[in-house]
Amino acid sequence: MEENKTKKPEVIDLRIVFKKIWENKKLFYKVLPVVFVLSCIYIFSKPRYYESEVKLAPEMESLGSSGMLSNLASSFGFNLSDMQTSDAITPLLYPDLMEDNGFIYSLMNIKVTSQDEEIKETTYHDYLKFFQKKAWWTYPINWIKKLLPKKEDTGGNRGGYNPYYISRDENNIYEMARNNIDINIDKKNGVITINTKTQDALICKTLADSIKDKLQIYITDYRTRKARVDYNYYKGLTENAKNEYEKARQKYASISDANTKAALRSVELKIEDMENDMQLKFNAYTTMNTQLEAAKAKVQERTPAFTVLKGAAVPVKPAGPKRMIFVAAMLFFAFLFTSAYIFKREIIDNLYHQ
């Protein structure tokens, strides 16, 4: 009989749960308004931001002999572009450019103007440094940080500005840029998506366009680098061969003019040798010029073409923060936690204290 009395019931009647919650409805009247006010204070203090997007499809260079294999593999859902490309840096690595301080530094001098024209022709670096709106609680936090002793900043500009050796403040600006810029690539079709986020709609669009141009320049520079080195090499050889040919031609012409009436066999042989030497130098010049034209064509062949699938537009409304959704979510969680508290206090605790 004692064991039956101490045994706890395993089934809880939901009607009892709802009844207890309803009996404690005054607790909700206290909790929900407080959560609503605090949520509004927090979310309405957060600056609004805008987003703009660019979609770019670069030309993909692949090994020609494997084209049929690529088409066959793609029909089964496999992507062989990574194995086919002859580049060391595949398109899948382009998003990693945002980790490079050198690439971030190339974005810092972009000229931006706000939509209301309160900010005019300033650099993106100065926009991040001086014109960012902040939540109200950041000001007392920054004031307290200024009162605390600071560690020595080892960054500097020795020998000129070096993006790989920067101060702590500069590094914070670089991190802000990284957080505001997102580059992704679709592994299936190779489409590059550039998404930018700023507190101004026009600056957001300007930044997206500028990053698109910078990325195109970077890709083109990389894809044509070896071809341009070869072109410059053959250009130098061609100029040297041309100079040698010009010297031989002028020397041959002067000797021929000076000995037009000479009947000596030695003179004729000398002129003949000079003519042969001139012909050899001309052939060398012609060969080098042919190689130069081929290298020039190779540069053009390696230069990728880009197709803009979606251009950057000035956003008409903020992308966030989602104020109504945030407040509604906070109220929902407050309701759940309050209900759980009542359930534990009125039902669970009472059952185990019986």
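Refer to the structure presented above.
First, a word on scope: everything that follows refers to the structure included in this document. Just so it is clear, the model here is predicted, and its values are computed rather than measured.

What counts, and where the lines are drawn
- Residues numbered from 1 in each chain as written.
- Predicted model: local features only at pLDDT ≥ 70, side-chain atom pairs only at ≥ 80, totals over all residues.
- Heavy atoms only, no water.
- Pairing = 2+ DSSP bridges.
- Helix = DSSP H or I, 4+ residues; strand = E, 2+ residues; numbered from the N terminus.
- Axes fitted to C-alpha atoms, helices over the stretch in contact; angles between N-to-C directions.
- Contact = heavy atoms within 4.5 Å.
- Buried < 20%, exposed > 50% of the residue type's maximum accessible area, 1.4 Å probe, protein only.
- Core = buried A, V, L, I, M, F, W, Y, C linked by side-chain atoms within 4.5 Å.
- Salt bridge = Lys/Arg side-chain N within 4 Å of Asp/Glu carboxyl O.

## Some thoughts on the sheet that holds strand 6 (residues 306-310)
- The strand order 4-5-1-6 describes an open sheet built from 4 strands, whose pairing is antiparallel. Only two strands of the sheet have a single partner each, and these edge strands are strand 4 (181-185) and strand 6. Going across the sheet, the axis of each strand differs from the next one's by a mean of 25 degrees, ignoring polarity.
- Its contacts with the sheet put helix 9 (residues 168-180) on strand 4 and strand 5 (192-198), and the angle it makes with strand 4 is roughly 45 degrees.

## Considering the pairing of strand 1 (residues 50-58)
- Because side chains alternate across strand 1, one face comprises the buried residues Tyr50, Ser52, Val54, Leu56 and Pro58, and the other comprises Glu51, Glu53, Lys55 and Ala57, none of which is buried.
- Summarising the sheet, strand 1 and strand 5 pair through 7 bridges and their orientation is antiparallel. Each bridged residue has a counterpart across the sheet, and for Glu53 the counterpart in strand 5 is Asn195.
- Summarising the sheet, strand 1 and strand 6 pair through 4 bridges and their orientation is antiparallel. In the sheet register, Pro58 faces strand 6, and the bridge partner there is Phe306.

## Concerning the nonpolar core
- Among the nonpolar cores identified, the biggest contains 31 residues, and Met108, Tyr124, Tyr127, Leu128, Ile181, Ile192 and Ile211 are the most heavily contacted of them.
- At the level of secondary structure, the elements contributing two or more residues to this core comprise strand 1, helix 6 (101-107), helix 7 (124-130), helix 9, strand 4, strand 5 and helix 10 (201-258).
- For this core, the leading source of residues is helix 10, giving 6 residues.
- The residues touching Leu128, leaving out its near neighbours within four places in the chain, are Met108, Ile173, Met176, Ala177 and Asn180.
- Tyr245, Ala248, Met274 and Met278 belong to the second-largest nonpolar core, a separate cluster that totals 6 residues.

## Here's the deal with unusual backbone geometry
- Omega for the bond connecting Gly320 with Pro321 falls within 30 degrees of zero, at 0 degrees, which places this linkage in the cis form.
- Here Pro321 shows up in the loop between strand 6 and helix 12 (323-353).
- Unlike most non-glycine residues, Glu121 shows phi in positive territory, near 45 degrees.
- The exposed category is assigned to Glu121, whose relative accessible area is 54%.

## A short note on the environment of Asn276
- For Asn276, the position within the fold is in helix 11 (residues 265-302).
- Judged by relative accessible area, Asn276 falls into the partly exposed class, the value being 41%.
- C-alpha of Asn276 to C-alpha of Tyr252: the two residues are 24 residues apart in sequence and 9.8 Å apart in space.

## Details of the pattern of salt bridges
- In this structure the tally under the stated criterion is 11 salt bridges.
- Across the pair Lys226 and Asp230 runs a salt bridge whose closest N-O atoms are separated by 3.2 Å. Pair noted here: Lys226 and Asp230 are both in helix 10, with a separation of 4 residues, about one helical turn.
- Within this structure, Asp221, Arg225 and Arg228 form a network of salt bridges that share partners.

Keep in mind these values describe shape, not function.
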